[in-house]
Amino acid sequence: MTNLEKRELIFGIKRAAPIVMGYVPVGFALGVLAADAGLSPLQTGMMSLLVYAGSAQFIAVSMLSAGAGYLPIIATTFLVNLRHILFSASLSPYFKEISQKIIPLISFYITDESFAVSITDAKEGNLAYTYFLGLYITSYLSWVISTVLGVTFGALIPNTKALGFDFALPGMFMALLCMQIKDRKTAFAALVAGLLSIFFLYILPGNWNVILASIITAMIGVLMEK
Amino acid sequence: MNMDSRNYLLLLLGMAFVTYLPRLIPVMILSKRNIPEVLVKFLKFIPVSVLSALLLPNILMVDNKINLSSSNTLLVTSILTFPLAYKTRNMFLTVIAGMITLVILNRLMV
């Protein structure tokens, strides 16, 4: 690893701080639900290790406790996680310099939060692959560990809400959104996407709101660019 | 719930597979190619759209319903913290200041 790559690794790890603060209480809460659904710490930890997708895991755990079959759970997981297509495609221009061998590893860790932080940093300048590894794997480990802790010790901690962690992820999204809003067009896109997202939450079951709102807004964006 | 461990592993592998493909395939196809102009423009608007689509329901809705009253302490916190986020564009500072604000507001509401 060159000196630059080391520096970028450390930068990536530091940038994970707000993600970790958001993941720990949410992962813990998921662990508590998993314990209620009858999953062991090992089973829950394996799910976080292999799937690593918060909302899909919440849905899977609640479907398991409702006695759902495996195929419906897998199908729902697929639909809920389809939005990652957009994140993966948006990151691709910034992966040009990264070896084709490392991309399959890095892309495994793409989540709402890791995407949001890394796309913002990537726009600021070239990033080495070590930045992505630092940011992504730190976030990943915090998720896996906190879900296992939730299953194991969930009963001990009465109320994480009192600690203000509810704001960790919204606060991070808000700061990142401020960085993305650069002119009237992007401000307009933010408004449209946010309202559409709420609209779709009202009219459609499942987690279609983010992907539908983003696709429609980006299409409007393309028209505005012409 | 009686969980057959071999079947459970199959469930996890299925979930892992369908989650990994959408993460992997677009970047594998697009990263070493020149992306068409129209797709570049489209993707330019994705980050701002995704962030807003994630944020707005999160702070405007409580229990799946829009709640614009002061009982929605997450919304009040967001409004109070927004100038800081906009001025500093600093994630960590925004999160910390907001968490402290939220703790205080939650105490006041009780």
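Remember, predicted model here, so these are calculated numbers, not experimental data.

1. Some remarks on the domain arrangement of chain B
Here comes step 1: As assigned here, chain B comprises domain 1 (1-33) and domain 2 (34-109).
Here comes step 2: Between domain 1 of chain B and domain 2 of chain B, the C-alpha centre-to-centre distance is 30 Å.

2. Some remarks on the packing of helix H2 (residues 17-36) of chain A against helix H10 (residues 168-180) of chain A
All names here are of chain A.
Here comes step 1: Axis separation between H2 and H10 bottoms out at 8 Å; the angle between their running directions is 150°. The angle between H2 and H10 falls in the class roughly antiparallel. Residues Pro18, Ile19, Met21 and Gly22 of H2 lie in contact with H10, whose contacting residues are Ala168, Leu169 and Met172.
Here comes step 2: Split into classes, the residues belonging to the contact of H2 with H10 amount to six nonpolar, one polar and no charged.

3. Concerning the nonpolar core
Here comes step 1: Within the largest apolar cluster, 99 residues are counted, with the highest numbers of intra-cluster contacts made by Met172(A), Phe173(A), Leu176(A), Leu177(A), Met15(B) and Leu51(B).
Here comes step 2: When sequence neighbours within four positions are dropped, the list of residues in contact with Leu51(B) reads Ala116(A), Phe173(A), Leu176(A), Leu177(A) and Gln180(A).

4. What to know about the interface of chain A and chain B
Here comes step 1: Across the contact, 78 residues belong to chain A and 65 residues belong to chain B.
Here comes step 2: For the side of chain A that touches chain B, the element with the most residues is H10(A), which contributes twelve residues.
Here comes step 3: For the side of chain A that touches chain B, the class distribution of residues is 54 nonpolar, 20 polar and four charged.

5. So, the domain arrangement of chain A
All names here are of chain A.
Here comes step 1: Taken domain by domain, chain A comprises domain 1 (3-156 + 163-179) and domain 2 (181-226).
Here comes step 2: On a C-alpha basis, the centres of domain 1 and domain 2 stand 23 Å from each other.
Here comes step 3: Across the boundary between the two partners, domain 1 contributes eight residues, which contact seven residues of domain 2.
Here comes step 4: Residue assignment for the side of domain 1 that touches domain 2 shows that the elements contributing at least two residues are helix H5 (70-80) and H10.
Here comes step 5: For the side of domain 1 that touches domain 2, the class distribution of residues is six nonpolar, one polar and one charged.

Each value, and the rule that gives it
Residues numbered from 1 in each chain as written. Chains lettered and ligands numbered in written order. Predicted model: local features only at pLDDT ≥ 70, side-chain atom pairs only at ≥ 80, totals over all residues. Domains from an automatic or database assignment. Axes fitted to C-alpha atoms, helices over the stretch in contact; angles between N-to-C directions. Helix = DSSP H or I, 4+ residues; strand = E, 2+ residues; numbered from the N terminus. Parallel < 35°, antiparallel > 145°, perpendicular 65-115°, else oblique. Contact = placed C-beta atoms within 7 Å. Nonpolar A, V, L, I, M, F, W, Y, C, P; charged D, E, K, R; others polar. Core = buried A, V, L, I, M, F, W, Y, C linked by C-beta atoms within 7 Å. Buried ≥ 20, exposed ≤ 12 C-beta atoms within 10 Å, placed from the backbone.

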